[in-house]
Amino acid sequence: MFPILSLLKFSPLVLICLYSLTEIHGQCLLINELQAANKHTIADGFGEDEDWIELFNCGDTAINIGGMYFSDNPDVPNKHQIPKNKGAWTTIAPKGRMLLWVDSDDEQGSRHLSFRLDDEGGTIAVYNSELILLDRVDYKKQSRDKSFGRKSDGAEEFHLFNTPTPKEANTGGIALLSDSILPLFSEQSGFYKDKLSLALTNKYGGSIYYTTNGAEPDTSSGIKYTEEIDIDSTRIIRARIIKKNTVPGKIITHTYFINEASTLPVVSLTADPKDLWDKSKGIYHKYKKRGWERPGNVEYFDMNKEGVHFSAFKNEISMRIAGKTSRRQPKKSFSLFTKDSYGYPRINYKIFDDKPISSFGSIWLRADATSGRNVPELWVGERFKNELLYEVNKEMGSTVDMQAYQPVQLFLNGEYWGLYNLMERKGADFIENNHGYNDVDIITGEYEQLVSGKARWYDSLTFYISLNDITQDSVYAEVSKKMSIENYIDYWIYEVYSSAHDNRVNIRYWRPKGKNQKWRWISYDQDSWHRYDENTLKRHLKKEPVFLFNRLMKNSTFRILWANRMCDYLNSALSEDNAIRLIDEITGRIEKEVPREKERWQDTMLYVPKNTRIDWFKEYAIQRPCQIRDHIIDFYNINGQEKKVKLDISNGLGTIQISTLSIASFPWEGYYIESVPVTITAIPEDGYKFVGWKNKNLPKTNIITSNLKTQTNFTAVFKKKKGGRRKNDVK
C-alpha cells in the first residue's frame, strides 16, 4: 500500500477549488491550513480540541485582522467579524501565522469564530472590512486528525497533511490529483440485454484500481486494471487513478443493469460496504445512530414515453438511515444529501411530474416498511395511504404541504433492494423549492422541537391564544393573522379522516422569518390509520386534546369552516367512489413490481396477503364519511342530522359553489350537516346573469346561507343577458 493511503482510513479527501487572492495595500493574507476533524492534534487555550484555520501573512508588514469577516457561506460573507479593538490579539507579524478556532464559541475570545467547520466538506473565506474577498478555500470531506493546507507557506498548490503543522511551516504534505484526472469507461451506465466487456483507459499515468462491490477502490481493496472487465450480471463498477506519493484520484461510479426489466424508474445507490455493514461504523448495522452520515453515489434512471430507461442524473451524496421506529425494519429508508464539497451542488433534474421543481438539495428514499409499534403494524405491503392523501390534496387544491413521490425500484451496490418511493424531504430545501422562502422557522412535534430558526413567533401565537378568549371574533381575527387558518383546517381534515394516532410526533409547521408572516403545516407519514368507526375528533379534542386544535374549535367561525370543509372533502376527493378510484390507480401503478419486492423481503418481513389491505380500505372508504359526519354532530352537540343536498341549474349556463366546492356537472348531490350554516353561490357564465332560485322562498341574491333545516334542494336560474353572448359563441 502507498504510504498516503493510510490517510484515507476514515474517509477520502479530494481536491479543493482555490480562488485568486487580493492584496490589501501591499499586504498579503492567506488561509494557509485548516483542520475540520481535530480530535487529538492541538487544543485551544481552554483545553478543547476544536477545529481551526491557520492564517499566513505573506507580506512584509504586519496585518491586523480586526474588523475583517470570516464565513463558511459565500452567500453570507459577514457571518463573523473579528473585534476591532483587540490589536494585541488580532495582529499577525510579517511572515507570521495565526490560528483561529472555528468552534462556534466566539465568547471565548477574539480568535474564536461563531461557526464550525463541517468535516463533510465546505468553504472557509476571509473578507476585508468592506466585504471584499481576500481568500477562499473549498475543501472536501476531511479525515480525523489530518489537515489540509498549502504545500508550503503561501504556495498556490494545496496538499494533504498526515501530520498537521499548526503555527509551523507547512511541510511534508501529499499532492492531490485534479478532479479532471479520471479513468475513461468504454460503456456508460445503463440497461443492457446481454453481457458486456468494459474497457478502462488511463492517459494520465499511474494505475487504475476498481471494485465491483461498491467499495472505494485503493491498492488493498481494489483490483488493479489490466484487462477488460466481463460483466454478465447487474454490477457496480467504481474506479479511480492512483499514483505513487499522491492522494488517489476522484472515484467514478457506473451501474450496469444486465437483463433487468422494470416498469418503474430505477435508483442505483452505492456506498462502501464498510460504511453500511461494519459493526462499529456501518449506518445500516448501527441504525439507531441518528444523524450518522456516510459518503456515496446515487444515479437515477428515468423512463421515456416508450418505457426505455435513461440516466437522468448522477450525484455524489452523503446518506443517512431515515425514519423513526421504522428504521428497526430490515428494509430501511435513506435520506440523501448533496453538498458543494462533492462537486455536484444539487440534483438538477425534474423528478416529479406534478411539481415544477428541477433542483434538489436532498431527497428521500422511503421504504414504506411500517414500524411495528403494535401488532397490526407488523404487517407490511400494499402501500397506498400517504399516496392517497397526496393525490387528494392535489385534487382539493389544498395549501397543506405534502411531499411529492415517485415509485422506484432501488438497487443497493448492484443488488435489488426493493420497491421504494423517491420523495422530497420536508426540510428547508423543500420549503424553498415549493414556496421560495430561504429563511424560515421550522418546528416539529406537538411539544415544539425546533428544527431550524427560532420558536418565538410560535410561542407568541400559543401564548396569545392561552391568554385571550378565542370565542371572541376580535381574538380569532388576530390569530388568523399569525397562522393560515385554511391550511390548518385541511391539515386536521387529513388527521381526522385517517384516524391517525401519531400526530404528536408526525407534525411539522413553518413560517417565513419576519413580521406579518403566518404559520403553515406540513402533512406527512400518514401511515398510522385505525378503524373506520373511530371517533378521532373526540380523541383529539377531549381524550387527548391537541392544544391549538382544541382552542380553535371553541370559536364558532372556525367550527363552521372546519365542518363544512370536511364535508366538501367527503363529497368530492374523499367520496367513496373517488377514494376507491385513486387507490386502484395508486396500487395499479406498482402492481407488476410488488411480487419481486415480496420475494426479496418475505423471509424477514411479514407481508399481508394480496388485496387484504386494499379490501380493508375500500370498506373504510365506504363507511368513514358517514361516521365522521356523525362524530361532528356528536361533538358539536347539534340538534340535527346529515342532510342530502341537491344542486342543479336551469334556464341558462353557469355553475354553483357550495362551501369551498365548485360543482362541475349537474344535477349534483352531497351530504352536509343540519344546523351548520353552509354558503351556496350561483355563478353565471360569461354572457349570462343570475335571475334567482327556483324555490321562490329563497332570497334572490346569488349568495345564500342555509342551515338546511327546511330547504335542501337548490336550483339556480340563469338567463342570457340582453345582447350578450357566450365567450365561445361564433360571430
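Everything here concerns the structure above.
Residues numbered from 1 in each chain as written. Predicted model: local features only at pLDDT ≥ 70, side-chain atom pairs only at ≥ 80, totals over all residues. Heavy atoms only, no water.

Asker: Hey, could you run me through the overall build of the chain in this one?
Answerer: Along the chain, the regular secondary structure elements total 13 helices and 43 strands. In terms of overall dimensions, the chain has a C-alpha envelope of 95 × 70 × 65 Å along the principal axes. Across the 731 residues in the chain, those meeting the buried criterion constitute 55%. Counting contacts in the chain only where the partners sit at least 6 residues apart, residues at least 24 apart contribute 67% of the total. (Helix = DSSP H or I, 4+ residues; strand = E, 2+ residues; numbered from the N terminus. Buried < 20%, exposed > 50% of the residue type's maximum accessible area, 1.4 Å probe, protein only. Contact = heavy atoms within 4.5 Å.)

Asker: Would you explain the pattern of salt bridges in this entry?
Answerer: Oppositely charged side chains can pair when the atoms bearing their charge come close. Evaluation of the coordinates by the stated rule reveals 37 salt bridges. Of the charged contacts, one joins E478 and K481 as a salt bridge, the two residues approaching to 3.6 Å between their closest N and O atoms. Linking E478 with K481, this pair stays in helix α6 (residues 473-482), spanning three residues, or about one helical turn. (Salt bridge = Lys/Arg side-chain N within 4 Å of Asp/Glu carboxyl O.)

Asker: What's the story with the packing of helix α10 (residues 556-570) against helix α13 (residues 612-636) in this structure? I'm lost.
Answerer: A packed helix pair is summarised by two numbers, namely the angle formed by the two axes and the spacing between the axes. The geometry of α10 relative to α13 is characterised by a closest axis approach of 10 Å and an angle of 170° between their N-to-C directions. It follows that α10 is roughly antiparallel to α13 by the angle criterion. Seen from α10, the contacting residues are R559, W562, A563, M566, C567 and L570; seen from α13, they are P625, I628, R629, I632, F635 and Y636. (Axes fitted to C-alpha atoms, helices over the stretch in contact; angles between N-to-C directions. Parallel < 35°, antiparallel > 145°, perpendicular 65-115°, else oblique.)

Asker: It is not clear to me how the state of the cysteines should be interpreted in this structure. Could you clarify?
Answerer: Working definition of a disulfide: a covalent bond connecting the sulfur atoms of two cysteines. Following the criterion strictly, the structure yields one disulfide and no others. Across the disulfide from C28 sits C58; the S-S distance is 1.8 Å. On the sign convention where negative means left-handed, the S-S torsion of about -75° between C28 and C58 marks this disulfide as left-handed. With C28 in the segment before β1 (29-35) and C58 in the loop between β2 (52-57) and β3 (63-64), the pair connects residues that are 30 residues apart, well separated along the chain. (Disulfide = S-S within 2.5 Å.)

Asker: Help me understand the sheet that holds strand β20 (residues 235-242), please; the structure alone is not making it clear to me.
Answerer: Adjacent strands of a sheet form backbone hydrogen bonds with each other and so pair up, either parallel or antiparallel. If you walk across this open sheet you meet the five strands as β14-β22-β20-β17-β18, and the pairing is mixed. For this open sheet the edge positions go to β14 (190-192) and β18 (223-224), each flanked by a neighbour on one side alone. The pairing of β14 with strand β22 (residues 252-258) spans three bridges and is classified as parallel. From the neighbouring strand, Y192 faces β22, where its bridge partner is I258. (Pairing = 2+ DSSP bridges.)

Asker: Quick question: what am I supposed to make of empty space enclosed by the protein here?
Answerer: To locate leftover empty space, one rolls a probe as large as a water molecule over the atoms. Applying the stated rule across the entire model yields seven cavities of 30 Å³ or more. Lining the second largest cavity are 15 residues, with N386, E387, Y390, Q403 and M423 sitting closest to its centre. At the level of secondary structure, the elements contributing two or more residues to the lining of the second largest cavity comprise α3 (385-395) and β30 (415-424). If one sorts the elements of the lining of the second largest cavity by residue count, α3 sits on top with four residues. Of the residues that constitute the lining of the second largest cavity, the class distribution is six nonpolar, five polar and four charged. (1 Å grid on protein atoms, 1.4 Å probe; cavity = no way out; pocket = protein on both sides within 12 Å on 5 of 7 lines; lining within 4 Å. Points joined across faces, edges and corners; volume = space filled by probe spheres on them. Nonpolar A, V, L, I, M, F, W, Y, C, P; charged D, E, K, R; others polar.)

Asker: Help me out: how do you make sense of the environment of I638 in this one?
Answerer: Inspection of the secondary structure assignment puts I638 in the loop between α13 and β36 (642-650). Accessibility expressed as a relative area gives 17% for I638, which makes it buried. Along the primary structure I638 and D105 are separated by 533 residues, whereas in three dimensions their C-alpha atoms are 59 Å apart. Setting aside residues no more than four positions away along its own chain, I638 makes contact with I633, I673, E674, S675 and V676.

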